[in-house]
Amino acid sequence: MKDAIHNVQQEIANYTLANIQDTEKFRIEFLGSKGKIKDLFGLLKSVPNEEKKQVGQTLNELRILAEEKWNQAKAQFENTSTKSEGIDLTRTPEDALIGSRHPLSLVRSEIIELFNRIGFTVSEGPEIEDDWHNFSALNFPPEHPARDMQDTFFIQKGEKEMALRTHTSSVQVRVMENSKPPIRTISPGRVYRNEAISARAHCFFHQVEGLYIDENVSFADLKQTLLYFAKEMFGEKAEIRLRPSYFPFTEPSAEVDVSCTICNAKGCNVCKYSGWLEILGCGMVDPNVLEASGIDSKKYTGFAFGMGIERIAQLKYRVNDLRLYSENDVRFLNQFTPGV
Ligand code: PHE
C-alpha cells in the first residue's frame, strides 16, 4: 500500500501541466471518480485497523497535493486566452510605424530655436488680413502692383474686403502697434499668393519674418544677424552676400544670398554655376512704417528680414519640387523619420 501511495505521489510531482488540456487530463487521472486517488481510498478497506488512521491521513494529504497542483494550473491557463496558444511571446516585436515630422516643421523649429538663442521671441498673426496690415502700414502705395488680383487672394468678410496675407510682414506691423521697443521677434507662418502651381511656385507657402527695433540698430547689426543665421543653418563655412534691392517697407533694402551649400560655392546646376543661392529679403525698416505703427522714427531704428521656409528646406534637404511639401506622399514624408 505504502509503495502504491508513494508511486502516485511521484507521478503527481512529475506530471507536467503545460496547458488547459493537460490540466483536465490530470484531474481525471488523479482526482476523478475513477481516478488513482479514489482507487487508493478503495484499498483502505484491506489495511489493518491499527494502520488505517495513519494511511487515511497520508491519502488525504495526497489528495490535497493533487488538488493544489490542479487548482494552480487551472488558474494559470484559464486566464490566458486560448487564442494566444502558438504565439511566441519571446519573439522580438515588429517595429511600430512611427510618424515623421514634416520637413517644413523641422526647418521652422530650427529657425525658431536659433533665433531664440540670440533673444528673438515668436509672434503670430492672422492669415486673413486687412489691407492696412498687409499693405498700407507697410508703405505700399495705393496703386502698387502687389495689391493686384494677380498676386493677392481677396475675400469678402461681411462689408469688408480682406486678403489672405501675401507675406508675414503683416505681423511686424501688429507687433509694433502692440508693443514698445526694444522689439526682437520672429514670425513664422503661412502666406498665400495667386500663382499657378508648379515645381517652383505655389499658391501658399511659409515664411519667417524677423524684426529688431531699438535705439541705434544699424545695417551692420542686420548683416551680422544674417551671417549668424546662415552659419547656424548651413554650417560654419557658409558665407553671405547682400545685393541692393527694393521693398516698400525697408530702406535701404537687400536680397541675401548664401554660398551654395551643395557645391561649396564651386558652381553647380542648383546655384546655376554662380556659387550663390538667394535665400531672403531684408532691409532697415522704413521710417514711414515705424510711424504708421506708432513708433518714434527719430528715436528708433530697426531692421527686418523675411525668408521662405520652403526655400531653406529645399537647400537643406535638396527638395526641388515645391509641390512635394503639400501632397502628403508618405514616400516623401518617410524620408524625414528620425533614425531612418
Ligand atoms: N515680405 C518680403 C517678401 O515677402 C520679405 C521681406 C521681409 C523683405 C522683411 C524685407 C523685409 O518677399
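This is a predicted model, so every value here is computed, not measured.

K.L.:
Break down the overall build of the protein for me, with residues and values.
P.N.:
Of the regular secondary structure elements, the protein holds 11 helices and 10 strands. The C-alpha atoms of the protein give a radius of gyration of 40 Å, which is well past the 20 Å a tight globule of 340 residues would have. Principal-axis analysis of the C-alpha atoms places the extent of the protein at approximately 120 × 50 × 40 Å. Here the protein, with 340 residues, has 41% of them falling under the buried criterion. Taking all contacts inside the protein whose residues are at least 6 apart in sequence as the whole, residues at least 24 apart take part in 65%. Carbon and sulfur atoms make up 50% of the accessible area of the protein, which amounts to about 19700 Å² in all. Positive and negative side-chain charges in the protein, numbering 41 and 48 respectively, have mean positions lying 6 Å apart.

K.L.:
Account for helix α1 (residues 2-14), naming residues and giving values.
P.N.:
Counted at 1.5 Å a residue, the expected span for α1 with its 13 residues is 18 Å, and the 18 Å between its end C-alpha atoms agrees. Looking at α1, one finds that the buried residues are Ile5, Val8 and Ile12. Take α1 and look down its axis: the buried residues cluster within an arc of 65°, on one side only. In α1, the exposed positions that point more than 90 degrees away from the buried face belong to Lys2, Asp3, Ala13 and Asn14.

K.L.:
Tell me what's going on with the site of the ligand, and back it up with residues and numbers.
P.N.:
The environment of the ligand is formed by 13 residues, the closest being His167, Ser169, Arg193, Gln207 and Glu209. Between the ligand and histidine 167 there is a distance of 3.1 Å, counted from a nitrogen atom to a side-chain nitrogen or oxygen. Surface burial for the ligand is 89%, taken as the share of its 330 Å² of free accessible area covered by protein chains. Broken down by secondary-structure element, the contributors of at least two residues to the shell around the ligand are β6 (204-214), β9 (276-285) and β10 (301-308). Looking at the shell around the ligand residue by residue, the classes come out as five nonpolar, six polar and two charged.

K.L.:
Talk me through the packing of aromatic side chains; I want residue IDs and the actual numbers.
P.N.:
Scanning the entire structure with this criterion turns up 16 aromatic pairs. Summarising the aromatic geometry, the rings of tyrosine 212 and phenylalanine 303 are spaced 5.4 Å apart at their centres and angled 80° between planes, so their arrangement reads as edge-to-face. A residue pair is termed long-range when its members are at least 10 positions apart, and tyrosine 212 in strand β6 and phenylalanine 303 in strand β10 qualify at 91 residues. Note on accessibility: tyrosine 212 and phenylalanine 303 belong to one class, buried. An angle of 80° between the planes, with centres 5.0 Å apart, marks the rings of tyrosine 317 and phenylalanine 336 as edge-to-face. Of this pair, tyrosine 317 sits in helix α10 (residues 309-317) while phenylalanine 336 sits in the segment after α11 (330-333), and the two are 19 residues apart along the sequence.

K.L.:
With reference to specific residues and values, describe the domain arrangement of the protein.
P.N.:
The domain architecture assigned to the protein consists of domain 1 (2-84) and domain 2 (103-336). Here domain 1 and domain 2 have C-alpha centroids that lie 83 Å from each other.

K.L.:
Tell me about the packing of helix α8 (residues 219-234) against α10, residues and numbers included.
P.N.:
The contact between α8 and α10 brings their axes to 11 Å, and the two run at 45°. Here α8 lies oblique to α10, going by the angle between them. Residue-level inspection shows Phe229, Met233 and Phe234 of α8 in contact with α10, the latter providing Ile312, Leu315 and Lys316. When grouped by side-chain class, the residues that make up the contact of α8 with α10 number five nonpolar, no polar and one charged.

Cut-offs and rules
Starting afresh in each chain, residues are numbered from 1 along the sequence in its written order. Thresholds applied to this predicted model are a pLDDT of at least 70 for local features of residues and 80 or more for the giving and counting of side-chain atom pairs; totals over whole chains, interfaces and linings are not thresholded and use all residues. Side-chain measures were taken over the full set of non-hydrogen atoms in the model, leaving aside hydrogen atoms and water. Only DSSP runs of H or I reaching four residues or more are called helices, and only runs of E reaching two or more are called strands; each is numbered from the N terminus. Throughout, the radius of gyration refers to the C-alpha atoms, and the reference size of a globule is 2.2 Å times the residue count to the power 0.38. Throughout, exposure labels follow a simple rule: accessible area from a 1.4 Å probe, protein chains only, divided by the maximum for the residue type, with under 20% read as buried, over 50% as exposed, and the rest as partly exposed. The contact criterion used is simple: two residues touch if any of their non-hydrogen atoms lie within 4.5 Å. Areas reported here follow the Shrake-Rupley algorithm with a probe of radius 1.4 Å; residue values treat only the protein chains shown as occluding. A residue counts as positive if it is Lys or Arg and as negative if it is Asp or Glu; His and the chain ends are not included. The location of each charge is read from NZ of Lys, CZ of Arg, CG of Asp or CD of Glu. By this rule the span expected of a helix is its residue count minus one, scaled by 1.5 Å. Here, the arc refers to the directions that run from the helix axis to the C-beta atoms. By convention in these notes, a residue is near a molecule or strand provided one of its non-hydrogen atoms lies within 4 Å of it. For this analysis, a polar contact is any N or O atom pair within 3.5 Å, provided that within protein one partner can donate a hydrogen and the other can accept it, and provided that sequence-adjacent residues contribute only side-chain to side-chain pairs. Following the grouping adopted for this structure description, the nonpolar residues are Ala, Val, Leu, Ile, Met, Phe, Trp, Tyr, Cys and Pro, the charged ones are Asp, Glu, Lys and Arg, and the polar ones are all others, Gly among them. Two aromatic rings from Phe, Tyr or Trp, using only the six-membered ring of Trp, form a pair when their centres are within 6.5 Å; if the ring planes differ by under 30 degrees the pair is stacked, by over 60 it is edge-to-face, and anything between is tilted. In this entry, domain limits derive from an automatic or database-based domain assignment. In this analysis, axes come from line fits to C-alpha atoms, helices being fitted only over the stretch in contact, and the angle between any two N-to-C directions falls in the range 0 to 180 degrees. Convention used here: angles under 35 degrees read as roughly parallel, angles over 145 as roughly antiparallel, angles from 65 to 115 as roughly perpendicular, and any remaining angle as oblique.

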